[in-house]
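Tertiary structure, described
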Amino acid sequence: MKSLLIKSAIASTVVLSLATFTRPVMAASFTISIEDAGKQTANYSNLLNYNVQNFDDSTLKTGYSGDGFTWTGVGRYKNTLIVDKDQYGGADGTGKYFDVDSNRSGKDKDGKPNQTVSTLDLTNNPQSYFGLWWSAGDANNVLEFYSKGNLVEKITTADVVSYIAKLPNKASYYSNPNSAFKGQNSGEPYAFINFYDVAGTFDQVKFTNIGGTGFESDNHTVATGYKSITGNVIRAVPESSSVLGVFAIGFVGATSVLTRGVKKKSVLQLS
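Small disclaimer: the values here were computed from a predicted structure and weren't measured.

Rules used throughout
Residues numbered from 1 in each chain as written. Predicted model: local features only at pLDDT ≥ 70, side-chain atom pairs only at ≥ 80, totals over all residues. Heavy atoms only, no water. Helix = DSSP H or I, 4+ residues; strand = E, 2+ residues; numbered from the N terminus. Polar contact = N/O pair within 3.5 Å; in protein donor to acceptor, adjacent residues only side chain to side chain. Contact = heavy atoms within 4.5 Å. Core = buried A, V, L, I, M, F, W, Y, C linked by side-chain atoms within 4.5 Å. Buried < 20%, exposed > 50% of the residue type's maximum accessible area, 1.4 Å probe, protein only. Pairing = 2+ DSSP bridges.

Before going further, it helps to examine the side chain of Asp 197. For Asp 197, the position within the fold is in strand β12 (residues 191-197). Within polar-contact distance, the side chain of Asp 197 engages the side chain of Ser 29 at 3.3 Å. Not counting residues within four places of it along the chain, the set of residues in contact with Asp 197 comprises Ser 29, Phe 30, Ser 128, Phe 202 and Tyr 226.

This part covers the nonpolar core. The biggest cluster of nonpolar side chains holds 34 residues, and the ones touching the most others in it are Phe 130, Trp 134, Leu 143, Phe 145, Phe 195, Val 205 and Phe 207. Elements supplying a minimum of two residues to this core: β1 (30-34), β4 (69-71), β9 (129-135), β10 (141-147), β11 (150-156), α2 (157-164), β12 and β13 (204-209). Among the nonpolar cores identified, the runner-up in size contains 13 residues, and Ala 91, Tyr 129, Tyr 190 and Val 198 belong to it.

A few words now on unusual backbone geometry. With a phi close to 65 degrees, Asp 92 is a non-glycine residue in the positive phi region. Along the chain, Asp 92 turns up in the loop between β6 (80-84) and β7 (96-99). Of note in this structure, Ala 136 is not a glycine but carries a positive phi near 50 degrees. In this structure, Ala 136 sits in the loop between β9 and β10. The class for Ala 136 is buried, based on a relative accessible area of 1%.

Turning our attention to the pairing of strand β5 (residues 75-78). Relative to β5, β4 runs antiparallel, the two sharing three bridges. The partner of Trp 71 across the bridge, within β5, is Gly 75. Hairpin connection of β4 to β5: three residues between the antiparallel strands, including Gly 73 at a positive phi of 80 degrees. Direction of pairing for β5 relative to strand β8 (residues 117-121): antiparallel, over a ladder of three bridges. When the bridges of β8 are listed, Tyr 77 appears paired with Leu 120.

Just geometry here; none of it tells us what the structure is for.
Here it is, written out as structure tokens:
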């Protein structure tokens, strides 16, 4: 029996180690929340080591740029389009904002749209939080997060709209909330959305819009950490889920070995 227990412990350790290093990257690890209607910035007091990009720097010129620009100390945007405030974007109704729009960005020499995708690379500065004022959302807007080339999260405007539709004040999220464009574009939602990676970090954010409808956003915010989950939760992922999952696999591995030793057979089921 002593030998059997030792074998069980060793097996448990091996399985636990394998689970730790081979856990699928695509396992759900993000908690997503939405701020109250009209709010256009993150909850800065909740964030650790955060940075904000509002696209209002005088060095950023309006228009399309294939090369993009560097976000000093944070990362680099590629294939970008900067637009002056209008009914579709521009936090607080001022300055400039970020867009992905195949119509506004123009076409290349072969007649193809210059831009349907834009990226924010954070290779040297992985982050665990990202937030943005997602304005004039439409069905063609897609936001993706990657870690070492692997997709770890994806959300579309449809996900946001389905959540807003359940709120008693859903109408307050529709139309531009800023005085300069108050009530304009009433058919699309405007909201600040928080993305918390509770299981690790990400090193790239990809913004996609296909169809020329535009993916407008502003006040991009990144942080290496956070104190708690704030905002109205759209989808929650318990911070301990990945750890508990690993220990559960290890436990199953250990009990499986014990069963084989006693009954000379085993039934191992992982779901």
